[in-house]
Amino acid sequence: MGEITPINPRVIFVNETEPSDKTEGKLWYNTINNSLYTSNGSAYVILEMNLDDLNKQQLQQDLNILINSVASSSTLNDYEDMFVDIFSDATGTDNTINTTDTTAVFDTNKYVYQSFEESADLSKGIAQTTDDGLETVFNTNYTADENIIISEIILENNASQQNNVVINVKIGSDVIATDTFNFYANQTKTVSFELSDYTKIIPKDTIFTIEVLNGNFYCKTGTTFDAGDYMTIEEGTQTIPGSSGVEVSMTAMKLGWDSSKPKLIIKTNAQTIEENPIAHQIYSDNSTTENGTINYDISFDNGINWVTDQSLNTKNASVHEGENMIIKLNLNGTSIDDKIEAKNYGVMLFY
Amino acid sequence: MKYKNQNKNNELIALVEVLKGKGIVTETEIKNIKLKNNRNDK
């Protein structure tokens, strides 16, 4: 009978630094980046699970379901060609979305109608006179006083170069916006999250955190931080940079009704079609509340002429000649209460 | 993604067009038949 090795009762290390115990197979949960590592006997390497193949399969199934849904919205099944895409990311599963001209806001797996009031500088770190030592993180908690989106954070480096600086906007442990960059001495770095794939709305009365990791900040005690109109700084432990370190300011956008933007659009790139269809019909898995509506514009000549404000799920016969189709899904709002979402589109062309 | 309709029933479509042309059925009636069939499928 061979020697029985007793099992070390410590299953997983939960720490911000790499454990000194490098026994092969040990696990370490890194509390800084919330990632799991495993030891190969001499060092801890990140444990990754690649779900790309599964995601691809799922999206192919979703596309087939979408084709069936679109087809069943056709009365006589008399269409010739169908063009479909799913808003699984901002560009669409089949990359048909024109993200430059699209004004609707992408959120996880759909485009939404969301109106923003103009942005304003809301917060600025104010340095005190007493140096309180070197810190490696900046970490401040706020309460959102309105539904807001953090669109921009400006960091000013008054210290030496710092590499791989990570900035996170978090609700609890959920990172809703993030960026990583090298930060040079005397540099002002603007991190823009506006309308990015990762930015999410922070609901009113929610506590959120701005944190900066891997930097060396000279911090001050008793520092005040002007939180602006749309948020309140939380009482408790704040680590705030001083004049000789990094200063942080940020711009937030209040969510509100902007009468100058009653319509937000989801616009596709031009797609080559058989020329001169005689009718078109569009399906989109969508939801609307209050007075929000959704309809579409379509062009067959690469955007020169447009057929506008067409109803979904209706065979529309207004056309013009052409072989380059662009679609605009119009998310039409009338007030802050309107919520409009669209998850995909399918257009049927008739000849 | 482009998808070509592989199940188009040209004879049925032509018949319906004739019925519509003669004023025997309307587009709304055809839609209602389709909706009813869809519900029965479920």
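For the structure, check the block above.
Note that this is a predicted model, so its numbers are computed, not measured.

Thresholds, definitions, all that
- Residue positions are given per chain, counting from 1 as you read along its sequence in written order.
- All chains are assigned letters beginning at A, and all ligands numbers beginning at 1, according to the order in which they are written.
- Local features in this predicted model are restricted to residues whose pLDDT is 70 or higher, and side-chain atom pairs enter the listing and the counts only when it is 80 or higher, whereas totals over whole chains, interfaces and linings include all residues.
- Only hydrogens and water are set aside; all other atoms, that is, all heavy atoms of the structure, feed into the side-chain values.
- Here a helix means four or more residues in a row that DSSP labels H or I, a strand means two or more in a row labelled E, and each is numbered from the N terminus.
- The cut-offs for exposure are 20% and 50% of the maximum accessible area for each residue type, with area from a 1.4 Å probe on protein chains only; residues under the lower value are buried, those over the upper are exposed, and the others partly exposed.
- Two residues form a contact once any of their heavy atoms are found within 4.5 Å.
- With residues, only the protein chains shown are counted as cover, and all accessible areas are computed by Shrake-Rupley using a 1.4 Å probe.
- The term buried area denotes the loss of accessible surface (1.4 Å probe radius) that occurs when two parts are joined, taken as the sum for both partners.
- Salt bridges are defined as contacts in which a side-chain nitrogen from Lys or Arg sits within 4 Å of a carboxyl oxygen from Asp or Glu.
- Nitrogen and oxygen atoms within 3.5 Å of one another constitute a polar contact, given that in protein one can donate a hydrogen and the other can accept it, and given that sequence-neighbouring residues count only through two side-chain atoms.
- For this classification, Asp, Glu, Lys and Arg are treated as charged, while Ala, Val, Leu, Ile, Met, Phe, Trp, Tyr, Cys and Pro are nonpolar and the rest, including Gly, are polar.
- Being paired, for any two strands, means DSSP has found at least two bridges between them.
- Like-charged residues within 9 Å of one another, or nonpolar side chains (Val, Leu, Ile, Met, Phe, Trp, Tyr) within 5 Å, are grouped into patches, provided each residue has over 30% relative accessible area and no salt bridge.
- Charged-residue counts in this description rest on Lys and Arg as positive and Asp and Glu as negative, His and the chain ends being excluded.
- The location of each charge is read from NZ of Lys, CZ of Arg, CG of Asp or CD of Glu.
- Every axis corresponds to a line fitted to the C-alpha atoms, with the helix fit spanning only the stretch in contact, and the corresponding angles, defined between N-to-C directions, vary from 0 to 180 degrees.
- Residues belong to one nonpolar core when they are buried, are Ala, Val, Leu, Ile, Met, Phe, Trp, Tyr or Cys, and are joined through side-chain atoms within 4.5 Å.

Visitor: Outline the overall build of chain A, supporting the account with residue identities and numerical values.
Guide: Regarding its fold elements, chain A presents 1 helix and 28 strands. A total of 351 residues make up chain A; the buried ones form 44% of that total. In chain A, once contacts between residues fewer than 6 apart in sequence are set aside, the share between residues at least 24 apart is 71%. As presented, chain A carries roughly 17,500 Å² of accessible surface, and 45% of it is formed by carbon and sulfur atoms.

Visitor: Any chance you could break down the overall build of chain B for me, citing the residues and the numbers?
Guide: Each helix and strand counted, chain B has 2 helices and 1 strand in total. When the accessible surface of chain B is summed, it comes to about 3,500 Å², and 55% of that surface belongs to carbon and sulfur atoms.

Visitor: I'd like a description of the interface of chain B and chain A, backed by residues and values.
Guide: Where interface size is quoted, it is often the accessible area lost as the parts come together. Of the residues lining the interface, 15 residues belong to chain B; the matching set on chain A comes to 20 residues. Both faces combined, the contact of chain B with chain A buries some 1,700 Å², and carbon together with sulfur accounts for 50% of it. At the boundary of chain B and chain A, one finds 3 salt bridges. There are 9 residue pairs in polar contact (both at pLDDT 80 or more) connecting chain B and chain A. For the side of chain B that touches chain A, the elements supplying multiple residues, two or more each, are β1 (2–4), α1 (10–21) and α2 (27–41) of chain B. Of all the elements, α2(B) adds the most residues to the side of chain B that touches chain A, at 5 residues. Its residues placed into classes, the side of chain B that touches chain A shows 5 nonpolar, 3 polar and 7 charged. Pairing geometry for strand β5 (residues 81–86) of chain A and β1(B), over 3 bridges, is antiparallel. Bridge assignment links F83(A) to a residue of β1(B), and that residue is K2(B).

Visitor: Which residues make up a negative patch on the surface, and what values do they have?
Guide: Residues E274(A), E275(A), E321(A) and E323(A) make up a contiguous surface patch of negative charge. Of the residues examined, E323(A) reaches a relative accessible area of 40% and is grouped as partly exposed.

Visitor: Give a description of the sheet that holds strand β6 (residues 105–107) of chain A that names residues and reports values.
Guide: Sheet strands line up and pair through hydrogen bonds in the backbone, either parallel or antiparallel. Residues and elements named next belong to chain A. Pairing within the open sheet is antiparallel, and its 4 strands lie in the order β6-β7-β27-β23. Of all the strands in the sheet, the pair left with one neighbour each is β6 and β23 (286–288). Ignoring which end each strand starts from, the neighbouring axes of this sheet average 25° apart. For β6 and strand β7 (residues 110–112), the ladder comprises 3 bridges, and the chain directions are antiparallel. Looking at β7, one finds that D107 is bridged to K110.

Visitor: Mind laying out the sheet that holds strand β1 (residues 12–15) of chain A, listing which residues take part and the relevant values?
Guide: Residues and elements named next belong to chain A. Across the sheet, 4 strands lie side by side as β1-β2-β3-β4; this open sheet has mixed pairing. The open sheet is flanked by β1 and β4 (44–46), the only strands paired with a single partner. Strand after strand, the sheet turns through a mean of 30° between neighbouring axes, direction not considered. In this sheet, strand β3 (residues 35–39) lies alongside strand β2 (residues 27–30) in antiparallel orientation, the contact comprising 4 bridges. Each bridged residue has a counterpart across the sheet, and for N30 the counterpart in β3 is S35.

Visitor: Give a detailed account of the pairing of strand β24 (residues 293–299) of chain A, specifying residues and quantitative values.
Guide: Residue and element names in this part refer to chain A. Most of β24 sits inside the fold, with 6 of its 7 residues counted as buried. As judged from the 7 bridges shared by β24 and strand β26 (residues 324–332), these two strands associate in the antiparallel manner. If you follow N295 over to β26, its bridge partner there is N330. Examined bridge by bridge, β24 and strand β25 (residues 307–310) share 2 bridges and lie antiparallel to one another. Looking at β25, one finds that I298 is bridged to V307.

Visitor: Tell me about the nonpolar core, and name the residues and values.
Guide: All names here are of chain A. Judged by nonpolar contacts, the single largest core of 27 residues is most densely connected at F87, Y111, I266, I298, M325, L329 and V347. Of all the secondary-structure elements, those providing two or more residues to this core are β20 (263–267), β24, β26, β27 (340–342) and β28 (344–350). If one sorts the elements of this core by residue count, β26 sits on top with 4 residues. Within the second largest apolar cluster, 17 residues are counted, among which are Y142, I148, A177 and V212.

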